[in-house]
Amino acid sequence: MSDAVLFTVDEGMARLTLNRPSRLNAFNADLAHAWRGATTEAVSRADVGAILIDATGPAFCAGGDVIDMATMGGSGADITALAEVINSGIRALTESSVPVVAAAHGTTAGGGLGILLASDYAVVGSRSKLGSLYANIGLTPDLSVSAQLARAIGQRRALQLVLQDRLLSAAEAVEWGLVAEAVDAAEGVDEASLVRARGEEIARFWLAGAADAYGEAKRLVRSQPERTFVEQLSEEARSIGAALETPDAQARIAAFAAASANRAG
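What counts, and at which threshold
Residues numbered from 1 in each chain as written. Predicted model: local features only at pLDDT ≥ 70, side-chain atom pairs only at ≥ 80, totals over all residues. Heavy atoms only, no water. Helix = DSSP H or I, 4+ residues; strand = E, 2+ residues; numbered from the N terminus. Buried < 20%, exposed > 50% of the residue type's maximum accessible area, 1.4 Å probe, protein only. Salt bridge = Lys/Arg side-chain N within 4 Å of Asp/Glu carboxyl O. 1 Å grid on protein atoms, 1.4 Å probe; cavity = no way out; pocket = protein on both sides within 12 Å on 5 of 7 lines; lining within 4 Å. Points joined across faces, edges and corners; volume = space filled by probe spheres on them. Nonpolar A, V, L, I, M, F, W, Y, C, P; charged D, E, K, R; others polar. Pairing = 2+ DSSP bridges. Axes fitted to C-alpha atoms, helices over the stretch in contact; angles between N-to-C directions. Contact = heavy atoms within 4.5 Å.

### Considering unusual backbone geometry
A negative phi holds for most residues other than glycine; trans holds for most peptide bonds. Residues other than glycine seldom take positive phi values, yet Leu-143 does so here, at roughly 55°. Within the fold, Leu-143 resides in the loop between strand 7 (129-131) and helix 5 (145-153). Accessibility expressed as a relative area gives 4% for Leu-143, which makes it buried. In the Ramachandran plot, Ser-144 falls in the positive-phi region, its phi being about 80° despite a non-glycine side chain.

### With respect to the pattern of salt bridges
If you walk through the whole model with that rule in mind, you get 20 salt bridges. For Glu-216, the salt bridge goes to Arg-219, with nearest N and O atoms at 3.0 Å. Placement of the pair is Glu-216 and Arg-219 together in helix 9 (residues 211-223), with a separation of three residues, close to one helical turn. Across the salt bridge formed by Asp-248 and Arg-252, the nearest N and O atoms sit 3.1 Å from each other. Here Asp-248 and its partner Arg-252 are both found in helix 11 (residues 247-264), four residues apart, which amounts to about one turn of the helix. Given a relative accessible area of 33%, Asp-248 falls into the partly exposed group. What you see here is one network of salt bridges that share partners, running through Asp-10, Arg-15, Asp-54, Glu-200 and Arg-204.

### Notes on the layout of surface pockets
Considered as a void within the structure, the largest pocket measures approximately 680 Å³ in volume. Gly-64, Met-69, Ile-79, Leu-139 and Asp-142 are, among the 34 residues lining the largest pocket, the residues nearest its centre. Elements with a minimum of two residues in the lining of the largest pocket: helix 2 (66-72) and helix 3 (76-94). The biggest single contributor to the lining of the largest pocket is helix 3, with eight residues. The volume enclosed by the second largest pocket comes to roughly 530 Å³. Lining the second largest pocket are 22 residues, and of these Ser-119, Asp-120, Tyr-121, Val-221 and Arg-222 sit closest to its centre. If you list the elements that add at least two residues to the lining of the second largest pocket, you get helix 4 (111-117), strand 6 (121-125), helix 5 and helix 9. The biggest single contributor to the lining of the second largest pocket is helix 9, with five residues. Grouping the amino acids of the lining of the second largest pocket by side-chain chemistry returns 14 nonpolar, four polar and four charged.

### Describing the sheet that holds strand 6
Reading across the sheet, the six strands line up as 1-2-3-4-6-9 and stay open at both edges, with mixed pairing between neighbours. At either end of the open sheet lies a strand with only one pairing partner, and these are strand 1 (5-10) and strand 9 (181-183). Sheet twist, expressed as the mean angle between neighbouring strand axes with direction ignored, is 20°. Pairing of strand 3 (residues 50-55) with strand 4 (residues 100-104) involves three bridges; the strand directions are parallel. Paired with Ile-51 across the strands is Val-100, a residue of strand 4. On the sheet, helix 1 (residues 29-44) packs against strand 1, strand 2 (13-18) and strand 3 and is oriented at approximately 15° with respect to strand 1.

Right, dumping it as structure tokens:
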């Protein structure tokens, strides 16, 4: 696998680190293919129960590599094909039953928003900025931004973001529901390290708890648009019944009942 994405697995947590810091982790062909390979491997491994996406350098992801587009002379068909490679990685994450946290320090823009939206829980730094900016270079949203942004923050706010030359502050991104939390760092403290540490803490929390139940809850929410309301009710009923049969749920329910009995006594 290319070093454009650093991939490790440690005690159930897969870490995918975007690693083109000199280009603000903007996607070129190398990063696109490395991304597809890393995401596909992460969701297919039996020893992975949580995924953390982070990045090296001063920013999380600036989207597509505009300089590369300008100098390589690729056609529109080439860009479409490259977007589809990245999309396959986004689908691998969103269609899996493995919960994903993004630790997105610095700036997240353009297609970087799509990478962030592929996570189920996003953490930024208090000085982070997030925005669309596609129209600044005459392009349109890609990498799931038009598919997921409105679902995350509502159509009106999504339109405000994609139709303006605007970067949200971390506080605004939390208020809008685009990210879950913003980590505050004292002056002189490396905010990126704190964001990464908080992302890992969240992934470890999932792993230390009912990891399978968290994963199935993620799957139910993510896959809901594919079903009618009645179909979703049926899928929920099927899922909770299946969960009840697992050894983890049996042990947790027994422990809960025992603790309740002790309190009552």
